[in-house]
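One letter stands for each residue in the lines below.
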Amino acid sequence: MRHTSFTTLMLGLLVAGSPRAAIAQRDTTAKSASRDSASANVPVATIAQAEASGIKLLGISDANTGGWIDHATVRDTLGDETLTSDIGVAALSELRPLMGYYMLEVRKPGYTPQRFKLKADTSEEFLVSLTPNPLGQATVLPAMTTTAAMQSLERDPGLRQGFFTRCQSAFAACVGPKDVELRPTEQLEGLVANTHGITIKCPTTRGPGDDATCLIKMLSWPILPGSKPVPDGLCNPTFFLNGREWSALAGGSQQQLNQFVVPANIDGIEIYLSGQPRPIRWAVPNSNCGAIVIWTH
């Protein structure tokens, strides 16, 4: 993998030919503005227009041929995804930074996935190259993670200073401080509602004095021998505050945390789905649900 600025040299992203041909067409009209839900084709005609509009671009190329790779998936650590356009370009504005960085994974069938991070405040555009898989595996999409990565996360001490590193793992979904700042009045369920694998269940009817909290749910997995049936296959995650399990004195943990923890005091949130690896100190014996770890200041 290599990163490089392509502001002046990579105008070839605009056409299917050479950079020289692209320079000749620098001021021509390319695609009209478009941002559909399936693909984030760059909604500007030229690189220069993209820069003027403040859109940061990421170009994906083949490490062997140098050709542009269309419809590669670019995913951030918060679960947002976008696709490269027909000319191999993705708009970073479709994704969300975490703690000042875009932490990205690029995947395309037939290529080895690449993970990397870019500073969110950079003014440069980047080119990333993907390495083709060995012959005979061109249609195989490599596994998201490896056993070594799983073991590394399980050995992680689960300390505050490891937040940034754990959030780059394919197993952890994270909500960073900047995302929290954008939703200063949300309770916990609102802060994690857009996370892949999270379901928010709100009470359909409520009597006087009943709790109106919309509960955070996850799919229960695996089903443990002797465990109680789980309605709709959903379960309540275990909550941890500053690395320690939150034990509710009365009522539910989420309800109590909503009373005591406000977004203004949250530094970050880590979400581990059911059955996924996590630091061993957040493993709950005999639980078939995941964990949500909240860091405050």
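Preceding block: the structure.
Residues numbered from 1 in each chain as written. Predicted model: local features only at pLDDT ≥ 70, side-chain atom pairs only at ≥ 80, totals over all residues. Heavy atoms only, no water.

## Overview of the pattern of salt bridges
Short version of the rule: Salt bridges are counted wherever a side-chain nitrogen of Lys or Arg sits within 4 Å of a carboxyl oxygen of Asp or Glu. Runs of H or I in DSSP of at least four residues are treated as helices and runs of E of at least two as strands, each being numbered from the N terminus. Categorising residues by exposure relies on relative accessible area from a 1.4 Å probe, with only protein chains included: less than 20% of the type maximum marks a residue as buried, more than 50% marks it as exposed, and the intermediate range marks it as partly exposed.
Under the criterion given, the structure shown has 6 salt bridges. We note a salt bridge from D179 to R96, for which the minimum N-O separation is 3.7 Å. Separated by 83 residues along the polypeptide, D179 in helix α5 (residues 177–181) and R96 in the loop between β4 (89–91) and β5 (101–107) bring together distant segments of the chain. Looking at D179, the relative accessible area reads 6%, which means it is buried. Across the pair D267 and R160 runs a salt bridge, and its minimum N-O distance is 3.2 Å. Residue D267 is found in strand β14 (residues 266–272), and its partner R160 is found in the loop between α3 (147–155) and α4 (163–167); the two are separated by 107 residues along the sequence. For D267, a relative accessible area of 27% corresponds to the partly exposed category. The class for R160 is partly exposed, based on a relative accessible area of 38%.

## Section: unusual backbone geometry
With the exception of glycine, the majority of residues adopt a negative phi angle, and the majority of peptide bonds are in the trans configuration. Here H71, not a glycine, exhibits a phi torsion of approximately 55°, which is positive. Along the chain, H71 falls in the loop between β1 (57–62) and β2 (73–76). Its identity is not glycine, yet N242 carries a phi of approximately 55°, on the positive side. By secondary structure assignment, the location of N242 is in the loop between β12 (238–241) and β13 (244–245). Overall, N242 belongs to the partly exposed group, its relative accessible area being 28%.

## Details of the sheet that holds strand β11 (residues 234–235)
Heads up, the rule is: A pair of strands counts as paired when DSSP detects no fewer than two bridges linking them.
Ordered by their spatial adjacency, 3 strands build an open sheet running β9-β10-β11, and the pairing between neighbours is antiparallel. Strand pairing shows two members of the sheet lacking a second neighbour, β9 (198–201) and β11, which therefore form its edges. Both β9 and strand β10 (residues 215–219) contribute to a ladder of 4 bridges, which runs antiparallel. Its bridge partner being in β10, I200 is matched across the sheet by I216.

## Re the sheet that holds β14
Pairing within the open sheet is mixed, and its 5 strands lie in the order β8-β14-β15-β12-β13. Looking at which strands have only one partner, the edges of the open sheet turn out to be β8 (173–175) and β13. Two strands pair when backbone bridges link them, and β8 and β14 are joined in this way by 3 bridges, in the antiparallel orientation. Each residue of the ladder has a partner; that of A173, found in β14, is I271.

## Side note on the nonpolar core
Spelled out, the test is: Here the nonpolar core consists of buried residues drawn from Ala, Val, Leu, Ile, Met, Phe, Trp, Tyr and Cys, with membership extended through side-chain atoms lying within 4.5 Å. Residue contacts are defined here by distance: any two heavy atoms, one from each residue, within 4.5 Å place the two residues in contact.
Counting residues in each nonpolar core, the largest one holds 20 residues, and the members touching the most others are L188, I266, I269, I271, I292 and I294. Looking at this core, the elements with two or more residues in it are β8, α6 (188–192), β10, β12, β14 and β15 (291–296). Leaving out residues up to four positions away in the same chain, I271 has contacts with F171, A172, A173, V175, V192, T195, I198, M218, A291 and I292. Membership of the second largest hydrophobic core comes to 18 residues, among which are L58, V74, L95 and A120.

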